[in-house]
Amino acid sequence: MGLLVVGSLGLDTVATPFDRIEDALGGSATYISLAASYFSGPIRLVGVVGSDFPKEYIDMLNTHNIDLEGLQIVEGGKTFRWSGKYHYDLNVRDTLYTELNVFEKFDPVIPDSARKSKFVCLGNIDPVLQSKVLDQMENPQFVVCDTMNYWIEGKKKELLELLPRVNVLIINDSEARLLAHEPNLIRAAKMIRAMGPEILIIKKGEHGALLFTEETIFSAPAFPMESIYDPTGAGDSFAGGFIGYLFKTRDLSSESLKRAVIYGSTMASFCVEKFSTKGLEELSYLQIQDRFRQFMNLSRFDEE
């Protein structure tokens, strides 16, 4: 039935110490779908754009076996726009402006052809909208959800109502501490899993990621990058690689979840090497497998 991805599509203007790009393709659904497309298809994308959304971006998504039946195009409307400036420490950025435009009234409608999708990835949008998506689904098997501090602080009640309906929550370390009101990540993870999701992933940026399940705590390394040009979309690319691998294998065992985390980190590492989605647009199976093996070798060693 395909993998369903719901989230934002946008046009980003991004400045880093190395370069600047205007009206580049962005949005959580975009990065998730592109990263997942290398594992299996079709990817069924649901989102909204204005009539100003460039046709070249639609054509590129189509070439990746991304089904756009659920993409709403609002005639006369303007696409969501975001602008940010990164510092030399690329973990620090300033948001220069956010223009919601058509995304402000986004009401996700899942096409009939996608309502039986067993794997669902909810990009970082209002938890009320994430719940609306699940209300339209017919018994999904595996739901991955992303959120952020804005929703944790502003829509916590709605987020807590959503969490028992998802299998995996993906957040970063500061968001985990905020959600649990607990500085220790191990204790915070236990508290968050008690809120509903049986699987929790805490992203730690350049320090890798932590996977928590009932029987497992797995620490994944970050890939040592010589060149990082644009961190935008790295977290969404991680989510896409993670659910893309699991959708391909249909294996939800602990060992498969660990591999999925590494594949997520692999796709995120490709994402940051170029501006916008360029790092994800022309990859090969061999490139992905080679970097996956490099990730494995980062922490592999022999006992004495």
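In this report, we go over the structure that sits alongside the text. The shown structure was predicted, so the numbers you read here are calculated from the model rather than taken from an experiment.

**Examining unusual backbone geometry**
Geometrically, the link from G41 to P42 is a cis peptide bond, its omega value of 0° lying close to zero. Tracing the chain through its elements places P42 in the loop between α1 (28-36) and β4 (43-50). Although it is not a glycine, N65 adopts a positive phi angle of roughly 60°. Tracing the sequence through the fold places N65 in the loop between α2 (55-63) and β5 (66-74). In this model, S276 sits at a positive phi of 55°, which is unusual for a non-glycine residue.

**A look at α2**
Along α2, the positions that sit buried rather than exposed are Y57, I58, M60 and L61. Here the buried residues of α2 occupy an arc of 160° about the axis, which is enough to place them on one side. Opposite the buried face of α2, by more than 90 degrees, sit the exposed residues K55, E56 and T63. Buried residues along α2 sit against β2 (10-15), β3 (20-26), α1, β5 and α10 (278-281). Just downstream of α2 lies N65, where phi reads positive at about 60°.

**Some remarks on empty space enclosed by the protein**
Tallied over the full model, the rule gives 1 cavity of 30 Å³ or more. Roughly 40 Å³ of volume is contained in the largest cavity. In this structure, the largest cavity is lined by L4, R44, L45, V46, D67, E69, G70, P111, S113 and A114. Elements with a contribution of two residues or more to the lining of the largest cavity: β4 and β5. Among the residues making up the lining of the largest cavity, the classes are represented as 5 nonpolar, 2 polar and 3 charged.

**Considering the pairing of strand β11 (residues 199-203)**
With respect to burial, β11 is a largely interior element, 5 of its 5 residues being buried. Burial along β11 is two-sided: the face carrying I199, I201 and K203 and the face carrying L200 and I202 are both buried. The turn linking β11 back onto strand β12 (residues 209-212) is made up of 5 residues, and G205 within it adopts a positive phi angle of 60°.

**Examining the nonpolar core**
The biggest cluster of nonpolar side chains holds 60 residues, and the ones touching the most others in it are F142, I201, F242 and V261. At 9 residues, the largest contribution of residues to this core is made by helix α9 (residues 254-271). With near-sequence residues (within four places) excluded, F142 lies in contact with K118, F119, V120, N167, V168, I199, F242, L246, L252 and L257. One finds L4, V133, L162 and F212 within the second-largest nonpolar core, a separate group that totals 42 residues.

**Thoughts on the pattern of salt bridges**
Evaluated as defined, the whole model comprises 16 salt bridges. A salt bridge links R20 to E22; the shortest N-O distance between them is 2.5 Å. On the accessibility criterion, R20 (48% relative accessible area) is partly exposed. Here D107 and K132 are joined by a salt bridge, their closest N and O atoms 3.4 Å apart.

**What about the packing of helix α8 (residues 234-249) against α9?**
Relative to each other, α8 and α9 sit at 140°, their axes nearing to 7 Å. When the axes of α8 and α9 are compared, the pair comes out oblique. As α8 packs across α9, the resulting crossing turns out to be right-handed. Judged by residue contacts, A234, S237, F238, G241, F242, Y245, L246 and T249 of α8 engage S256, L257, R259, A260, V261, Y263, G264, S265, M267, A268 and C271 from α9. Looking at the contact of α8 with α9 residue by residue, the class counts come to 12 nonpolar, 6 polar and 1 charged.

**Observations concerning the environment of T213**
Considering the arrangement of structural elements, one finds T213 in the loop between β12 and β13 (217-220). Spatially, the C-alpha atom of T213 lies 17 Å from that of N184, the residues being 29 residues apart in sequence. In this structure, T213 is in contact with R193, E198, I199, S254 and L257, ignoring residues within four places of it in sequence.

**Section: the sheet that holds β5**
Across the sheet, 9 strands lie side by side as β5-β4-β1-β8-β9-β10-β11-β12-β13; this open sheet has mixed pairing. Where the open sheet ends on each side, the last strands, each with one partner, are β5 and β13. Averaged over all pairs of adjacent strands, the angle between strand axes in this sheet comes to 15°, irrespective of strand direction. Bridge count between strand β1 (residues 3-6) and β4: 4 bridges; the pairing is parallel. Across the sheet, the residue bridging to V6 is V46, located in β4. Running at roughly 110° to strand β10 (residues 168-172), helix α6 (residues 173-180) makes contact with β10 and β11 of the sheet.

Cut-off values and rules
Residues numbered from 1 in each chain as written. Predicted model: local features only at pLDDT ≥ 70, side-chain atom pairs only at ≥ 80, totals over all residues. Heavy atoms only, no water. Helix = DSSP H or I, 4+ residues; strand = E, 2+ residues; numbered from the N terminus. Buried < 20%, exposed > 50% of the residue type's maximum accessible area, 1.4 Å probe, protein only. Arc of directions from axis to C-beta. Contact = heavy atoms within 4.5 Å. 1 Å grid on protein atoms, 1.4 Å probe; cavity = no way out; pocket = protein on both sides within 12 Å on 5 of 7 lines; lining within 4 Å. Points joined across faces, edges and corners; volume = space filled by probe spheres on them. Nonpolar A, V, L, I, M, F, W, Y, C, P; charged D, E, K, R; others polar. Pairing = 2+ DSSP bridges. Core = buried A, V, L, I, M, F, W, Y, C linked by side-chain atoms within 4.5 Å. Salt bridge = Lys/Arg side-chain N within 4 Å of Asp/Glu carboxyl O. Axes fitted to C-alpha atoms, helices over the stretch in contact; angles between N-to-C directions. Parallel < 35°, antiparallel > 145°, perpendicular 65-115°, else oblique. Left-handed = near helix turned anticlockwise from the far one by under 90°.

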